[in-house]
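What the coordinates show
As a plain string of letters, each chain reads:
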Amino acid sequence: MNQIKKQVKHPLDDLLRIDRIPHIWCPGCGIGTAFSSSLIAMRESGIDLEKTVMVSGIGCSGRGAGYVNLDSYHTTHGRAIPFATGMKLANPELNVVVFSGDGDLFAIGGNHFIHAARRNVDLTVICVNNFNYGMTGGQVAATTPLTAKTTTTPVGNPDTPFNLPLLAYASGATYVARWTILHTRDLTESIEEALLNRGFSFVEVLSPCPVNYGRRNKENGIDSLKIYQDRTIIRNDAQPWELDIDFDRGIVLGKFIQTERPTCTDRYDNTCRPKEFIEGEKGLE
Amino acid sequence: MSKDMMTGSDAVALGVKLAKPDLIFAYPITPQTHIVETLSEIAPSWGGRFINVESEFSAIASCLGAVSAGSRAFTATSSHGLLLMHEVLHWFVGARMPLVMVNANRAIGSPWNIWADQSDSLAQRDTGWLQIYCETCQEALDTVIQGYYISEKLLLPVMVMIDGFIISHTMEEVEVHEPQKVDAFLPPYAPQFKLDVDDPRSFGNAALPDDYYRMRKAIQRTFTSGFEVFRDCHNLFEDVFGTRYDLMEAYLCDDAETIFLVAGALTGTTRVAVDMMREKGMKVGLIKLRVFRPFPKHALQKVIAGHQDVIVLNRAVSYGAQGTLTQELRSAFYNVDDNPDIYDVIISLGGKEVFPEILMGVCEGIKADPAFKDEMIWV
């Protein structure tokens with residue numbers, strides 16, 4: 001009679017703002033899995049979560065910043081990376097994670113992505129790629145596959161999508177990987193590596209959008225997962241220019257780039273700042 | 001002529017279809033998305049092209065390129081999308097390029113809010129765009145067509161406003177105009193100057209101060225003389241389609257002691273409120289401000305008399321000063337001997353609901369205490 005029912009607690013509860021749950025993501029959406037992987041990776045990596053910040057732009061993935069129980073910021077559309085850059089430079093001891101979607105990071109915010117990678121700003125950018133603008137109702141994105149149907153390409157997309165790992169590599173990113181939400185373990189390990197990598201780190205996560213993308217392309221949530229299982233190949237040594245998303249030929253997953261080069265702040269300090277300031281800051285640390 | 005039920009977004013898309021622009025560049029943003037989704041589907045039907053570009057900044061810059069090369073173009077946006085366009089909005093006016101853009105009025109962040117107010121478009125007041133605010137879906141359709149007429153005559157861009165959700169997502173009965181009639185009203189775009197390899201010209205050069213000044217003065221002169229083009233447009237539109245539009249509309253103002261001044265879909269609510277108050281014997285009227293730029297100062301001076309009170313319903317604030325429409329109206333009556341008491345009411349920011357009873361309460365409150373005229377009244 002007096003037995004107290006043990007309350008079941010999700011292992012990530014302490015990293016979530018429980019008062020914001022239930023979340024807005026649709027049944028079958030992959031963002032939740034990408035988000036869980038990110039939270040697990042943050043915890044497993046051993047980084048100081050008290051000094052970790054999540055920044056999002058606009059879109060379904062942008063809600064990530066609202067749900068994470070860390071310092072977080074939901075920026076205007078496309079501006080997650082410049083906002084994160086400002087924050088990282090203002091307080092270099094922060095771990096700054098950008099969690100946003102393909103529409104936000106690669107269309108309206110595309111220029112910021114290539115320049116932050118060029119400067120090798122020490123950020124971890126996780127892009128949930130669901131091939132369309134999910135939140136506004138499924139319009140064509142810079143990642144929509146050729147001939148795929150969306151609400152603004154009703155007879156099929158006439159344009160070629162970006163190869164995001166190639167773009168990241170060509171722009172100067174020092175960690176580049178691609179996984180799907182079905183490859184949860186690899187994805188989590190990869191995000192962990194990206195968090196620990198010093199420099200601009202990029203992880204693309206392919207993720208189903210059954211309600212907007214899937215519905216118009218005869219692909220339900222399970223179909224998407226089957227595609228992720230049957231038509232993907234893990235090739236960690238693949239060249240970035242071989243990574244176009246082509247469902248017929250097979251999609252290449254893996255960790256493609258991990259390299260070292262001086263970060264934005266390293267280069268700036270070495271080139272531009274008088275030594276006494278740098279020494280002074282070191283003393284403070 | 002046939003009638004159909006459609007949302008404001010579809011009415012806009014139909015207006016665009018009838019105006020047949022060669023090129024449409026747009027980026028989706030709530031609550032404008034249905035306009036561009038419909039256009040993406042129907043643009044090829046008249047030989048047009050729709051390109052879903054990578055941002056609003058790209059959309060408006062692409063439109064500038066298209067019209068400079070002699071095409072008729074269209075775009076639609078809202079809120080933050082409009083703010084992102086701001087640099088090119090100024091450039092469009094300086095370059096004297098015609099365009100029609102529909103803006104689904106929506107609040108501006110921070111904090112995030114997707115509901116209707118007029119902060120986005122009224123913040124573009126000084127860019128030199130002509131601005132027209134619509135009350136109904138029919139007016140949205142008709143104003144798009146009129147927008148091209150006016151824009152291509154004055155060589156200035158036209159921004160057509162519909163309230164986000166309240167018009168964009170609400171269905172009303174709409175008259176579907178016959179294409180031949182629209183062709184009779186709106187001739188094909190025939191630019192006097194365009195980028196043309198057979199007749200090479202250079203656009204967008206630097207101008208020394210004297211030339212710059214002269215060109216800026218010409219913009220203002222066009223605004224001053226622009227009222228004639230509006231009059232011609234409204235007369236011709238009435239001849240062809242049988243519907244009369246004006247710079248503004250006065251409703252029950254003649255014997256009114258108090259007049260509400262309002263723009264956009266809130267006009268509909270205010271109409272109902274005015275009818276309710278009239279039934280109670282209150283002498284109230286309504287001015288629907290349709291054309292905000294050029295500001296119809298003389299038309300307003302003719303309708304409003306000194307013994308009347310004017311309650312301005314603002315859905316945008318110039319912080320630290322007054323409601324944006326209040327500023328404009330007070331300025332229109334500066335140095336006029338017979339000027340009314342103008343009340344500065346801020347109402348319905350971020351989609352805050354307005355009911356006719358609220359407007360009646362405002363009217364009664366002001367009657368009870370005239371000291372309100374020195375305050376900014378937040379309802």
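Structure: see above.
Residues numbered from 1 in each chain as written. Chains lettered and ligands numbered in written order. Predicted model: local features only at pLDDT ≥ 70, side-chain atom pairs only at ≥ 80, totals over all residues. Heavy atoms only, no water.

As for the overall build of chain B
Along the backbone of chain B there are 13 helices and 15 strands. A burial count over chain B gives 56% of its 379 residues as buried. Sequence-distant contacts in chain B: of pairs separated by 6 or more residues, those separated by 24 or more amount to 79%. Separation of charge centres in chain B, based on 32 positive and 49 negative side chains, amounts to 5 Å. (Helix = DSSP H or I, 4+ residues; strand = E, 2+ residues; numbered from the N terminus. Buried < 20%, exposed > 50% of the residue type's maximum accessible area, 1.4 Å probe, protein only. Contact = heavy atoms within 4.5 Å. Lys, Arg positive; Asp, Glu negative; His and termini not counted. Charge placed at Lys NZ, Arg CZ, Asp CG, Glu CD.)

Things to note about the interface of chain B and chain A
Opposite the 17 residues of chain B that make contact, chain A presents 18 residues. Summing the contributions of chain B and of chain A, the shared interface buries around 1200 Å²; its carbon and sulfur component is 61%. When residues of chain B are sorted by the area they lose upon contact with chain A, B:Tyr27, B:Glu37 and B:Trp112 head the list and together hold 40% of the total. At the junction of chain B and chain A, the tally comes to zero salt bridges. (Buried area = accessible area lost by both parts, 1.4 Å probe. Salt bridge = Lys/Arg side-chain N within 4 Å of Asp/Glu carboxyl O.)

Thoughts on the sheet that holds strand S11 (residues 284–289) of chain B
Residues and elements named next belong to chain B. Across the sheet, six strands lie side by side as S9-S11-S10-S13-S14-S15; this open sheet has mixed pairing. A strand with exactly one partner marks an edge of an open sheet, and here the two such strands are strand S9 (248–251) and strand S15 (376–378). Neighbour-to-neighbour, the strand axes of this sheet turn through a mean angle of 25°, independent of strand direction. As paired elements, strand S10 (residues 258–262) and S11 share five bridges and run parallel to each other. The residue of S11 that forms the bridge with Val-262 is Lys-288. Across the face of the sheet, helix H12 (residues 324–332) comes into contact with S10, S11, strand S13 (309–314) and strand S14 (341–346) while running at roughly 145° to S13. (Pairing = 2+ DSSP bridges. Axes fitted to C-alpha atoms, helices over the stretch in contact; angles between N-to-C directions.)

Looking at helix H7 (residues 184–196) of chain A
All names here are of chain A. Under the 1.5 Å per step criterion, the end-to-end length of H7 is 18 Å for 13 residues, consistent within 8% with the ideal 18 Å. Every buried residue belonging to H7 is among Leu-187, Thr-188, Ser-190, Ile-191, Ala-194 and Leu-195, and all of these are buried. Take H7 and look down its axis: the buried residues cluster within an arc of 165°, on one side only. Turned more than 90 degrees away from the buried face of H7 sit Arg-185 and Leu-196, all of them exposed. On its buried face, H7 sits against helix H1 (31–44), strand S3 (95–101), strand S4 (124–129), strand S7 (175–180) and strand S8 (201–206). (Expected span 1.5 Å × (residues − 1). Arc of directions from axis to C-beta.)

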